[in-house]
Structures are given as structure tokens and as C-alpha cells.
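Listed here are the chains, written in short residue letters.
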Amino acid sequence: MLKITRYLSQPIIDDLQTKMVFVGGPRQVGKTTLALSLFKATKKDVPFYLNWDRLEDRSRLIKEQIPLDEKNLIFDEIHKYKFWRRLMKGLYDKHGDTHQFIVTGSARLDHFRKGGDSLLGRYHYYRLHPLTLNEITNSPARSDVDALLKFGGFPEPYFNGSEKHWRRWQKERIARVVHEDLRDLQHVKEISLIDILLDTLPSKVGSPLSIASLREDLGVAHQTVDGWVGILDSLYMTYRILPYGPPKVRAVKKEQKLYFWDWSMNTDPGARFENMLASHLLKYCHYLEDTEGYKMELRYLRDTDKREIDFVVLKDKKPLFAAEAKLSDKELSSHVKYFQQRTNIPKFYQVHLGEKDYGDARTGRVLPFHKFCKEESLF
């Protein structure tokens, strides 16, 4: 497997000098590999690695038998331990000046800090995303875009490049998330219905998500379905974006759109490409939030007459640019022209998988996906 330096490496190395670092992200996105590589990059001692899912390590953690003769420690999936916050607070308060601590987890560590954050001020939190185009190569070819679209951005199936391997990997990953991670963190009786929900959700990508429709499909209460989708969000299977409502547009206010962290779960080509673009934009937003502290938001724009732009990126509540996903390099959408005249969004892009590049971002630019990634410095 080709090795690359992940985009969060240097920011994490810098932050470890003064705080603990928490790294969240989907299962098998490369969190442990990243954490182990950081100390090698700085030529420090090999870190000591503890994983809650290993029985031997679990016993050590419960008994708080931490090998403090090691200066660099990695704690994986420790959020599954009821008293993990107390453990990390004690370790950091006593040894933060002499030791470096990385905590990784395949569930949202910020979500599972309920009941008050006793660790406040002691850590920085990062969200590790799948591979995206500019992280893979500085000079992308069409084959790079096609492979990323086909296999998704998770390192193992992408670098393996085999459809058979990708299918088996995806099936096994979903099973582990639903039947292991979900059971560890939430009490859900009808696991089989979560499987059905996951089979259903790819068909909902790209459209406003209707919990009522899902409720009818599954035959359970509205609140139950909404809770299940929230669990999938917290386990980094899915994410949702809110609508953007500029002043002079009769925009929808409540309907959310749902996407997958693994965009290859979409079988429809248009939905898969839109999901891949969404994931590149979300990664950009999370990077600026986690490293620079800006308030970043990924939203979509849709009015009551169903005119829509797929994505709007906001920085400190001000729009930076809008992006519409199209499979082909067709002419500029009338929706782009409509919203360009009625909003203060400074740049509009129509991003496609073709070759044509024309227009101006101020009034609407049509350009290939790889050029758009370079244009807005997406990772």
C-alpha cells in the first residue's frame, strides 16, 4: 500500500507540545496509522498503544495500569470506557508536562462527552477524513478522479484498487460499525432495522431527508428513526447538512440533506459524485475549524419553488462560495444564475466530471472537479 503523509500530521505534532490531542473519524479511515506515524516523524520514542477493544488492554485501563515510563501514549477506542474522561484528566494533570497523549475513536468524541466536559482546555480535537484528491496527488489525472469516485476515500480499498476487495471491505466495515460499535455505545434492540435503514439511506442522498418517509418504510416511530440517524451520524457513517437562508430568497428552513462518509456506498452515479464533492467540502470546513478555530458551515440552498444549489460554504456565517455538482460539462444551470442575482454569495461553481472550463466565478464558472479542488485549495 502506498504511504502518504496525512494532511493533519503537522498540526497534530504542533499541538502535542502543549495539549492532548483527540482524533475522531470513521472506522478504518487511518486514525491509528496516523497516530503511530507522528512519533516516527518526529524521531521520538515509539509510542505505547492501548486499545479498549483488546481484552488485555481493557484490563489495564480499568485498573489504570498505564506504563508511564513511556513518554508517548496512544489510547484507541477508549471512549467506550465509562470513566475514560476521569482517566485522561488524571493522566494529563499529573504528567502533561512530560508526556504526550493521543486519544483516537471511531465515534464522535465530542458527542460522548455528555454531562459536562471535565477535560475542557486540556486537548484539541481533530476529525480525520477519508482521502481526497489533493491529498493523494499534486497533479491529478482523470484516472485518479475515477478511482476515488469508484472506491471511495478510505485508504485500504482505494490503494488496493480491486472491486472484489472493495465490496468485501465495505460489507465487513458496515457489519463492524452496526454490530460492534453501535452496540457498545447505544442500547438498540432492533439491530436488523438499522441494517434496513442503512440499505435505504443511499437512495435519499442528494434530496431533503424525510424522516416521516423513513418512518413509514421501517414501521417505527418518528422519534426512533430520527434517533437512529443521529446514532449513524455519531458513528461517522453519515452526516447531515442544513439549508442556507439568505435574506432575499424564500429558502426552505428545516429540511436537512444526508451524505455518507464513504461516498462509494451510493450506487447512483449522480448521487455518488455529489456525495464525493460534499465530503471534499466538509473536510475543508472541518480542517479550518480544527486547526484555525473558524466557525465553518457546509449548507445547501433551496427555495420554496425547488430551485437549488447543492452546497454553500460559510466562514464565520459569511458565504465564501457555492458549488453545484453535475456529471457532465453541460451549460450553466439556470439555478446558479437565479441565486447569483439574489444573494451575496461571491463565487459560484458548477463542478463536473468532464473537461470544459469556462465562465467566471462571480457569475458562474463551469469547471472540472480536479480544477475546482485546486481553485479552492480543498484537501
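A short tour of the structure in this document, coming up. (Residues numbered from 1 in each chain as written. Predicted model: local features only at pLDDT ≥ 70, side-chain atom pairs only at ≥ 80, totals over all residues. Heavy atoms only, no water.)

## Some points on the nonpolar core
Where a protein is soluble and globular, its nonpolar side chains tend to be buried together.
Item 1. Counting 110 residues, the largest nonpolar core has Phe75, Met88, Leu281, Phe369 and Phe372 as its most contacted members.
Item 2. Top contributing element to this core by residue count: helix 12 (residues 269-292), with 11 residues.
Item 3. Among residues more than four places away in sequence, those in contact with Phe369 are Leu133, Val145, Phe273, Met276, Leu277, His280, Val351, His352 and Leu353. (Core = buried A, V, L, I, M, F, W, Y, C linked by side-chain atoms within 4.5 Å. Buried < 20%, exposed > 50% of the residue type's maximum accessible area, 1.4 Å probe, protein only. Helix = DSSP H or I, 4+ residues; strand = E, 2+ residues; numbered from the N terminus. Contact = heavy atoms within 4.5 Å.)

## Quick word on the pattern of salt bridges
Item 1. All told, the structure shown has 33 salt bridges when counted by the stated rule.
Item 2. Of the charged contacts, one joins Lys257 and Asp310 as a salt bridge, the two residues approaching to 3.8 Å between their closest N and O atoms. Here the residue Lys257 occupies a position in strand 7 (residues 257-260), and Asp310 occupies one in strand 9 (residues 308-315), the gap between them amounting to 53 residues. Across the pair, exposure class does not vary: Lys257 and Asp310 are buried alike.
Item 3. Here Glu375 makes a salt bridge to Arg365, at a shortest N to O gap of 3.1 Å. Of this pair, Glu375 sits in helix 14 (residues 369-375) while Arg365 sits in strand 13 (residues 364-368), and the two are 10 residues apart along the sequence.
Item 4. Residue classification places Glu375 among the partly exposed positions, given a relative accessible area of 40%.
Item 5. Looking at Arg365, the relative accessible area reads 15%, which means it is buried.
Item 6. If you follow the salt bridges from partner to partner, you end up with Arg27, Asp53, Glu77, Lys80 and Asp181 in one network. (Salt bridge = Lys/Arg side-chain N within 4 Å of Asp/Glu carboxyl O.)

## Thoughts on unusual backbone geometry
Excluding glycine, most residues fall at negative phi; most peptide bonds, likewise, are trans.
Item 1. Positioned with a positive phi, Asp316 is a non-glycine residue whose angle comes to about 50 degrees.
Item 2. Along the chain, Asp316 turns up in the loop between strand 9 and strand 10 (318-325).
Item 3. Although it is not a glycine, Ser377 adopts a positive phi angle of roughly 55 degrees.
Item 4. By the secondary structure assignment, Ser377 is in the segment after helix 14.

## Some remarks on helix 9 (residues 191-200)
Item 1. All buried positions along helix 9 are accounted for by Ile191, Leu193, Ile194, Leu197, Leu198 and Thr200. Considered in projection along helix 9, the buried side chains sweep an arc of 165 degrees and stay on one side of the axis. (Arc of directions from axis to C-beta.)

## A few points about the sheet that holds strand 9
Two orientations exist for strands paired in a sheet by backbone hydrogen bonds: parallel and antiparallel.
Item 1. Ordered in space as 7-6-8-9-10-11-13-12, the 8 strands form an open sheet in which the pairing is mixed. Each edge of the open sheet carries a strand with a single partner, namely strand 7 and strand 12 (358-360). The average angle at which neighbouring strand axes cross in this sheet is 35 degrees, direction not considered.
Item 2. Where strand 8 (residues 296-302) lies against strand 9, 6 bridges are found, and the strand directions are antiparallel. (Pairing = 2+ DSSP bridges. Axes fitted to C-alpha atoms, helices over the stretch in contact; angles between N-to-C directions.)

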